[in-house]
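Chains, contacts and geometry: an overview
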Number of protein chains: 2
Amino acid sequence: MEFKVKALNIEKREYSVILNSSDAHEMGLIPGDRVKLFSKGNSIVASIEISQSVVSQNEMGLYINTLERLKVKEGDVISIKAVSKPSSLHYIKKKLRGEKLSRDEITEIVMDIVDDALREVELTAFVISTLVYGMDMDEVEWLTRAMIDTGEKITFEKAKVVDKHSIGGVPGNKISLLVVPIIASTGLLIPKTSSRAITGAAGTADIMEVFADVEFTAEELKEITEKVGGALVWGGSTNIAPADDKIIEVEYPLSIDPKSQLLASVMAKKGSIGAEFVVIDIPVGEGSKVKDVKEGRYLAKDFVELGNRLGINIECAITYGGGPIGRAIGPALEGWEALKMLETGEGPRSLYEKAMGVAGILMEMAGLETEGKQAAERIMKSGKALEKFREIVEAQGGERTISSDDIVVGEKRYDVVADTEGYVIHLDNKKFIEIARAAGAPHDKGAGIYLHRKKGEIVKKGEKLFTIYAEKGWKLTNAIEKAREEFPLIIEGMVLERYPRYQQYQL
Amino acid sequence: MEFKVKALNIEKREYSVILNSSDAHEMGLIPGDRVKLFSKGNSIVASIEISQSVVSQNEMGLYINTLERLKVKEGDVISIKAVSKPSSLHYIKKKLRGEKLSRDEITEIVMDIVDDALREVELTAFVISTLVYGMDMDEVEWLTRAMIDTGEKITFEKAKVVDKHSIGGVPGNKISLLVVPIIASTGLLIPKTSSRAITGAAGTADIMEVFADVEFTAEELKEITEKVGGALVWGGSTNIAPADDKIIEVEYPLSIDPKSQLLASVMAKKGSIGAEFVVIDIPVGEGSKVKDVKEGRYLAKDFVELGNRLGINIECAITYGGGPIGRAIGPALEGWEALKMLETGEGPRSLYEKAMGVAGILMEMAGLETEGKQAAERIMKSGKALEKFREIVEAQGGERTISSDDIVVGEKRYDVVADTEGYVIHLDNKKFIEIARAAGAPHDKGAGIYLHRKKGEIVKKGEKLFTIYAEKGWKLTNAIEKAREEFPLIIEGMVLERYPRYQQYQL
């Protein structure tokens, strides 16, 4: 049947089309059924929505993504044909029965994910099947390879490629801004792709955006890296392992992260850029993704085995993740803290030790140094890392002369003070993230938190515990409200609950 | 924050709103996040979609379902507030870990399903968790009770209420059109709600619609039943156990039907109308939902146990489902076949025996008869059942004088003939359904199939095997095409595969 295109100026993730209810009934289609649309040599599979009024008979409503993909516009004529469900659905149902999938089956599922041929319900079914039944190492390897093969790949010839990755969950973890320039100073290549925060306060891409552009294609990432040795870009724009982004879209609402997906997601990105040596940072402890060192070790073992299968040398750094790294949380504040350390060679121990440690492991793995951490410290203290960071910023379209004094943080501020004297015995990762987000992070770059006291430090009554930064007054109010509801810090001897609570924080 | 309503004339299942991307970023919302909308005392939880162009800043796009639920129109002002995920999501994740749910947890999940507070991804996760881990009988009972409690209930005081249900999957199964008037003639009440076909060729509601209206509220269903003793209405319009319809929407694209849902779905409908005695028809055999008698018995045992817990007396009729019931498939053809049997007291054995058998069991259960089947036959042959059927048709707004001669079936017809002589040894349920659907069923009431030969019958070369009926020429062509691709019938000694195939059926 043929239909006239009606352009609907709405963005959607899935490809879907709106049919008039009488056309749909006529063709025996119900919402969710699949049709193939054809126009001038282009075709696409979309699912059906039905309306009695948006489109007339013989009209078909197309959303922005479908219009662009099919290269059609209002008034064009397209033909459609009912199609059966994709065969990858059979494999998803096989996994739902708890059976092991073959390499071909996994490849087909991933191809359909990338092509948006699976509906959200079906993709959810796949992700949940891997959560419930797990995947063995064969399946994880095949999943990783399929993710690599369905995206862009970069090959570097000039030098060894290394990379680092943190599995996340800990606020303030800005170490990439230190590790990347240190490593790039040594002649190794480190084309780092990072995420923007989805549930966190600041992803590495959000922080780097304070200094420079972060949206580049894979080709541009290659050019920048070959020019200055390193890059800090947003992975989402590179089309490297794009299946991963689509999988995350269904994991996010369920807040699930099956281990097999975590492994494949990280390693697909590293495999796609041809990394030879990779350090995986696994923060462990209360409020991070991994409970304790023992569980961290299991995960590390799987990363190493998967690396072996893919020909990538992996070392894992199991790190302390029971509290924020450094004292700054939020894009501009974290950028400030990292740059200040590059400028002065000094700063919070938790940040310094971790960044130097990870950079050191990479240098040792690549055979450059036997005492990597000391070498990393030398590079930073010599000013070479700062110089390299500025080169990277310039290569990504930022100001080469950037200094920590130039960074603008939120002007709306509120100091949270101690109402009792004692040692700080607990900092809650999740609550700090929530407060920073309420203050506007990561969207408002200047929003966030600066910790004046960390775990083990003593505080007197009336002294500042942390400062909330925001760009907008109403967001500051929200963040203060949130800090009252869920106090993120425990002082030894502190009264944990009062009614009515937190009167001391009246504005 | 406050927004101006922009009305979007699009129908959606889920409640969702479109925000301008800059407003969304401002509020830190990403697609899929939940917000609560408030307007003049009404409120609703909806998930976020984001657009750069459909809505301007401070505008919010609302779809038809949301406009209606909130009682707002273009230009109205509504306020919104970000909300956290529903707590039922925690229970869904608990089930995803394989743990047993409590009654309160299940109740909360069902309430959120009915309120559309769960996103499709989350509802899918729930359905799949029950598929993978199953539910024990406690959980099934709580699920059933929650489904009953979240919908309309009907209480009859005049007489005993009985009901029947077929778990489906077999084409031509029009027995309710016989059982309901027979039972209603005895003084028992039988307020039968049925489905429309989703994947089948004709649901009982589709067939009844050939004679009368089928869309009634629960209140109207009660009135009709109290007036004439029985009814044959579409369950979807009654708001009885509405959670079930929403669950089916995610089961359908995955073509899954977890046993716990099947049990709860059937029994919630029976519980909601206060049925005291219920017969469950479980067709077994190739191409039906249940493989064999043994598996049918397991399911029957569960139905009986669930009935005991709910205070409903259940008997199951395990019936032959390896081929179509009667000779007619499709709404008008099935209506014709059923009415003809009511008029003459005769017709295909498979239909006659099954309908009389099920009606008989109901009468025996209710204590009316000791030889129920013979009693049912007497009622039908006396003409009382025909008279009662006409009363029901009239009560549902149809013509009391309806006769089988008045029924209009499709005028486009095609006879499929045997190309060899032999006994018919197999009829394929699924293929017959597909052919009938290609011909236009259930939407085109006159479309369907009439079987001239059934299993065990002899056919000579050139004799008619079945006739395809359609209302439209192009659909007839599609159906013939489908019959060529997937021949639905095997004649002993027949060549099963030829290349090129089925030349004999050229139009």
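Because the structure is predicted, anything quoted here is derived from the model rather than measured.

**Details of the interface of chain B and chain A**
- Each partner contributes residues to the interface: chain B has 44 residues there, and chain A has 45 residues.
- Of the roughly 3,900 Å² buried between chain B and chain A, counting both surfaces, carbon and sulfur atoms make up 56%.
- One can count six salt bridges joining chain B with chain A.
- Linking chain B with chain A are 16 residue pairs in polar contact (both at pLDDT 80 or more).
- Only α1 (21–27), β4 (42–51), α3 (88–96), α5 (120–133), α10 (242–254) and α18 (473–485) of chain B provide two or more residues apiece to the side of chain B that touches chain A.
- At nine residues, the largest contribution of residues to the side of chain B that touches chain A is made by α5 of chain B.
- Of the residues belonging to the side of chain B that touches chain A, the class tally is 23 nonpolar, nine polar and 12 charged.

**Describing the sheet that holds strand β6 (residues 77–82) of chain A**
Residues and elements named next belong to chain A.
- Ordered in space as β1-β5-β2-β4-β3-β6, the six strands form a closed barrel in which the pairing is mixed. Adjacent strand axes in the sheet meet at a mean angle of 45° when their direction is disregarded.
- By the bridge criterion, three bridges tie strand β2 (residues 16–20) to strand β5 (residues 59–62) in an arrangement that is antiparallel. The residue of β5 that forms the bridge with L19 is M60.

**What about the sheet that holds strand β15 (residues 448–451) of chain B?**
All names here are of chain B.
- With respect to topology, four strands assemble into an open sheet ordered β12-β15-β17-β13, the strand pairing being antiparallel. If you trace the sheet from one side to the other, it starts and ends with β12 (328–329) and β13 (412–417), each paired once.
- In the sheet, β15 pairs with strand β17 (residues 464–470) via four bridges, with the strands oriented antiparallel. Opposite G448, over in β17, you have Y469 as the bridge partner.

**Details of the packing of aromatic side chains**
All names here are of chain A.
- Summed over the entire model, instances satisfying the criterion amount to eight aromatic pairs over all chains.
- Seen in terms of ring centroids, W336 and Y450 are 6.3 Å apart; in terms of plane orientation they differ by 80°. Their pairing is edge-to-face. Separated by 114 residues along the polypeptide, W336 in helix α13 (residues 331–344) and Y450 in strand β15 (residues 448–451) bring together distant segments of the chain.
- By relative accessible area, W336 is classed as partly exposed at 28%.
- Taken together, the ring pairs connect F432, F466 and F487 into an aromatic cluster.

**Description of the packing of helix α7 (residues 176–184) of chain A against helix α14 (residues 349–365) of chain A**
All names here are of chain A.
- Where α7 contacts α14, the axes come no closer than 9 Å and their chain directions differ by 35°. Taken as a pair, α7 and α14 cross one another with a handedness that is right-handed. Here α7 contributes L178, V179, I182 and I183 to the contact with α14, which in turn contributes L351, A355, M356, V358, A359, L362 and M363.
- The class makeup of the residues in the contact of α7 with α14 is 11 nonpolar, no polar and no charged.

**Focus on unusual backbone geometry**
Residue and element names in this part refer to chain A.
- Going from A441 to P442, the amide bond is cis rather than trans, its omega being 0°.
- When you line up the elements, P442 lands in the loop between α17 (429–438) and β15.
- A positive phi angle, close to 40°, is found at K40, a residue other than glycine.
- Residue position: K40 is located in the loop between β3 (34–39) and β4 (42–51).

**Notes on the domain arrangement of chain A**
- Domain boundaries assigned for chain A yield domain 1 (2–82), domain 2 (88–134), domain 3 (162–236 + 257–404) and domain 4 (412–505).
- Measuring from the centre of the C-alpha atoms in domain 2 of chain A to the corresponding centre in domain 4 of chain A gives 43 Å.

**A word on the pattern of salt bridges**
All names here are of chain A.
- With the rule as written, the count across this model stands at 79 salt bridges over all chains.
- Here E99 makes a salt bridge to R97, at a shortest N to O gap of 3.0 Å.
- E99 gets classed as partly exposed once you look at its relative accessible area, which sits at 34%.
- Its relative accessible area of 52% is what places R97 among the exposed residues.
- Salt bridges here are not isolated pairs; linked through shared partners, they connect K100, D136, D138, E141, R145, E305 and R309.

**Side note on helix α15 (residues 372–381) of chain A**
- Among the residues of α15 of chain A, those classed as buried are G372, A375, A376, E377, I379 and M380 of chain A.
- Backbone geometry just after α15 of chain A places G383 of chain A at a positive phi near 90°.

**As for the side chain of S288 of chain B**
Residue and element names in this part refer to chain B.
- Topologically, S288 is positioned in the loop between β10 (277–284) and α12 (293–310).
- A relative accessible area of 12% places S288 in the buried class.
- In terms of polar contacts, S288 uses its side chain to reach the backbone carbonyl oxygen of G285, at 2.7 Å.
- Dropping the residues within four chain positions of it, S288 is found in contact with G169, V170, P283, G321 and N429.

**Description of the nonpolar core**
- Within the largest apolar cluster, 234 residues are counted, with the highest numbers of intra-cluster contacts made by F211 and F303 of chain A together with F211 and F303 of chain B.
- Among residues more than four places away in sequence, those in contact with F211 of chain A are L177, G335, L339, F389, V393, G398, E399, I402 and I407 of chain A.

**As for the relation of the copies chain B and chain A**
- For these two chains of identical sequence, chain B goes onto chain A by a turn of 179° and a shift of 0.1 Å along the axis, with RMSD 0.1 Å. Such a combination of turn and shift is consistent with a two-fold rotation axis. Across chain B, the smallest distance between a C-alpha and the rotation axis is recorded for V121 of chain B, namely 3.0 Å.
- Residue by residue, 100% of the interface of chain B is reproduced at the interface of chain A, so both copies engage with the same surface.

**Details of the pairing of strand β11 (residues 313–320) of chain A**
Residue and element names in this part refer to chain A.
- Two elements, strand β10 (residues 277–284) and β11, share eight bridges in a ladder whose sense is parallel. Among the inter-strand pairings, F277 is bridged to a residue of β11, identified as N313.
- Between the parallel elements β10 and β11, the chain passes through helix α12 (residues 293–310) in a crossover that is right-handed.

**Here's the deal with a nonpolar patch on the surface**
- On the surface, Y423, I425 and I458 of chain A cluster together into a nonpolar patch covering about 280 Å² of accessible area.
- Inspection of the secondary structure puts I425 of chain A in strand β14 (residues 422–427).

**Considerations on α14 of chain A**
Residue and element names in this part refer to chain A.
- Taking 1.5 Å per residue as the helical rise, α14 with its 17 residues ought to reach 24 Å, and the 24 Å between its terminal C-alpha atoms agrees with that figure.
- Among the residues making up α14, those that are buried are L351, Y352, K354, A355, M356, V358, A359, G360, L362, M363 and M365.
- Looking at the residues trailing α14, positive phi occurs at G367, about 80°.

**With respect to the packing of α14 of chain A against α15 of chain A**
All names here are of chain A.
- For the pair α14 and α15, the least separation of the axes is 7 Å and the interaxial angle reads 115°. As the angle between them shows, α14 and α15 are arranged roughly perpendicular. In this structure, the crossing between α14 and α15 has a hand that is right-handed. Facing α14, whose interface residues are Y352, E353, M356, G357, A359, G360, M363 and E364, α15 presents G372, K373, A375, A376, E377, I379, M380 and K381.
- When its residues are assigned to classes, the contact of α14 with α15 shows eight nonpolar, three polar and five charged.

Conventions we followed
Residues numbered from 1 in each chain as written. Chains lettered and ligands numbered in written order. Predicted model: local features only at pLDDT ≥ 70, side-chain atom pairs only at ≥ 80, totals over all residues. Heavy atoms only, no water. Contact = heavy atoms within 4.5 Å. Buried area = accessible area lost by both parts, 1.4 Å probe. Salt bridge = Lys/Arg side-chain N within 4 Å of Asp/Glu carboxyl O. Polar contact = N/O pair within 3.5 Å; in protein donor to acceptor, adjacent residues only side chain to side chain. Helix = DSSP H or I, 4+ residues; strand = E, 2+ residues; numbered from the N terminus. Nonpolar A, V, L, I, M, F, W, Y, C, P; charged D, E, K, R; others polar. Pairing = 2+ DSSP bridges. Axes fitted to C-alpha atoms, helices over the stretch in contact; angles between N-to-C directions. Phe/Tyr/Trp six-rings, centres within 6.5 Å; stacked < 30°, edge-to-face > 60°. Buried < 20%, exposed > 50% of the residue type's maximum accessible area, 1.4 Å probe, protein only. Left-handed = near helix turned anticlockwise from the far one by under 90°. Domains from an automatic or database assignment. Core = buried A, V, L, I, M, F, W, Y, C linked by side-chain atoms within 4.5 Å. Least-squares fit on C-alpha atoms with pLDDT ≥ 70 in both. Right-handed = clockwise from strand over helix to strand, strands pointing away. Patch = residues over 30% accessible without salt bridge, like charges linked within 9 Å, V, L, I, M, F, W, Y side chains within 5 Å. Areas by Shrake-Rupley, 256 points an atom, 1.4 Å probe, with all protein chains shown as cover. Expected span 1.5 Å × (residues − 1). Parallel < 35°, antiparallel > 145°, perpendicular 65-115°, else oblique.

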